[in-house]
Amino acid sequence: MHPIFNQNNRKLISLIALILQTTSIVLVLRYSRTRKAEPYISSTAIVASEFLKGLICIILVWFETDCSLNRLIKKLHDEIYGKPHETLKLTIPSGLYAIQNNLLFIALSYLNAATYQVTYQLKILTTALCCVFMLGKKIEKHQWISLCMLAIGVAFVTWPSSDEGNKRLSTQTPKSWLQQFIGLGAVLMATLTSGFAGVYFEKILKTGPTSVWVRNIQLAIFGTIFGLVIVYIFDYKAVMEKGFFQGYSTVVWIVIFLQAIGGLIIAAVIKYADNIIKGFATSLSIILSSAVSYFILNDFIPSLFFFIGAMLVITATFLYGWERKVKLIPLNDQKR
Ligand code: C5P
């Protein structure tokens, strides 16, 4: 393997890729919202991106097996069909991610955007707690402070401006306390599934020799199956009426492709870095995409909240990586 792909570089490359991917998906989504288009069914888009993710991973495994079709088939057979117990482990994260995607959908329709964004940032803390309890990771006091700072910072950064808020309020019907209660419950559940599924997947990736791409194929198989079940339950009628791919414009395909690539990058980040560092990378990319929106697209005006939030996120990032200098006492001095 080329020396540029050593362990440290893989970590850096995967993190930079995650920041670029998250930034571009935010920008494409923002762009797609400004265009009038026939609506597409979001549950089918989730299935399409899972399927695409599986296909891309098969190509990557083909490269791993020196581009030999026979060896590729043998590897997939041995790793996926031949080890059913290992393959079935992936039903847990893929099932949880499928539930999570739907919980977030419920939360978004029952809560206003600000409550949703702010509450969902608790996933940074649930992820850290899962790392401590499931992986035995040690998190220093200053790192806990940094994680809280990060969660508050992202909440501030994503807080809708008063203009956006007013627009949303005028188009939204007021929510009853029961709807808000259900929405809040859904988003809180999603923070738990996000932390647990991410850390469970990290544990699978970091223990055992199976390649990260084979693991992703296993995840994509169950992701596609669970996704199809969800399409059947919620959108069967709409699919029967106008087809599975209704409303799929070029922009929708780009989002699906970016989402699939995102799944792969997330897996690489979890493997070569960890879930907590992933949280920092995605938070920084929110700021980066806002900067692109302000300087290049000219469709975003940062509020005071945004600046405070951005400062908190950047400070938290440095604080997390800060290592307390332990004063080393020379051995001779210690004996005295
Ligand atoms: O919000 P959170 O960081 O938990 O979201 C993770 C997202 O990444 C989920 O939507 C999940 O479907 C996706 N993912 C993926 N492939 C992986 C790991 C996560 O598509 N290997």
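To keep things clear, this report deals only with the structure shown in the data block.

Cut-offs used in this document
- Residues numbered from 1 in each chain as written.
- Predicted model: local features only at pLDDT ≥ 70, side-chain atom pairs only at ≥ 80, totals over all residues.
- Heavy atoms only, no water.
- Helix = DSSP H or I, 4+ residues; strand = E, 2+ residues; numbered from the N terminus.
- Buried < 20%, exposed > 50% of the residue type's maximum accessible area, 1.4 Å probe, protein only.
- Contact = heavy atoms within 4.5 Å.
- Areas by Shrake-Rupley, 256 points an atom, 1.4 Å probe, with all protein chains shown as cover.
- Axes fitted to C-alpha atoms, helices over the stretch in contact; angles between N-to-C directions.
- Parallel < 35°, antiparallel > 145°, perpendicular 65-115°, else oblique.
- Left-handed = near helix turned anticlockwise from the far one by under 90°.
- Nonpolar A, V, L, I, M, F, W, Y, C, P; charged D, E, K, R; others polar.
- Phe/Tyr/Trp six-rings, centres within 6.5 Å; stacked < 30°, edge-to-face > 60°.
- Expected span 1.5 Å × (residues − 1).
- Arc of directions from axis to C-beta.

### Some points on the overall build of the chain
Regarding its fold elements, the chain presents 15 helices and zero strands. Counting only residues that meet the buried cut, the chain has 42% of its 336 residues in that class. Sequence-distant contacts, at least 24 apart, represent 84% of the contacts inside the chain between residues at least 6 apart. Put simply, the chain shows about 19600 Å² of open surface, and 69% of that area lies on carbon and sulfur atoms.

### With respect to the packing of helix H11 (residues 212-242) against helix H12 (residues 250-272)
Where H11 contacts H12, the two axes come as close as 10 Å, and the packing angle between them is 130 degrees. One element, H11, and the other, H12, form an angle in the oblique class. Like other packed secondary-structure pairs, H11 and H12 cross with a definite hand, here right-handed. On H12, the residues that touch Val-212, Trp-213 and Asn-216 of H11 are Gly-263, Leu-264, Ala-267, Ala-268, Lys-271 and Tyr-272. Taken together, the residues of the contact of H11 with H12 break down into six nonpolar, two polar and one charged.

### Side note on the packing of aromatic side chains
Taken as a whole, this structure holds 15 aromatic pairs when the rule is applied. Here Phe-245 and Tyr-248 contribute two aromatic rings whose centre-to-centre distance is 5.2 Å and whose plane-to-plane angle is 85 degrees, an arrangement assigned as edge-to-face. Taking relative accessible area as the criterion, Phe-245 reaches 48% and is therefore assigned partly exposed.

### Here we look at helix H3 (residues 69-81)
Counted at 1.5 Å a residue, the expected span for H3 with its 13 residues is 18 Å, and the 17 Å between its end C-alpha atoms agrees. Among the residues of H3, those classed as buried are Leu-72, Leu-76, Glu-79 and Ile-80. For H3, the buried positions fall inside an angular range of 85 degrees around the axis, keeping them on one side. Summarising the geometry of H3, the exposed residues directed more than 90 degrees from the buried face are Asn-70, Ile-73, Lys-74 and Tyr-81. Looking at the buried side of H3, the elements it contacts are helix H2 (42-64), helix H4 (84-88) and H11.

### What to know about the environment of Arg-30
Within the element layout of this structure, Arg-30 appears in helix H1 (residues 7-33). Arg-30 gets classed as partly exposed once you look at its relative accessible area, which sits at 22%. Separated by 263 residues in the primary sequence, Arg-30 and Ser-293 place their C-alpha atoms 9.1 Å from one another. In this view, Arg-30 contacts Ser-293, Asp-299 and Phe-300; residues no more than four positions away in its chain are not counted.

So yeah, pure geometry; function would need other evidence.
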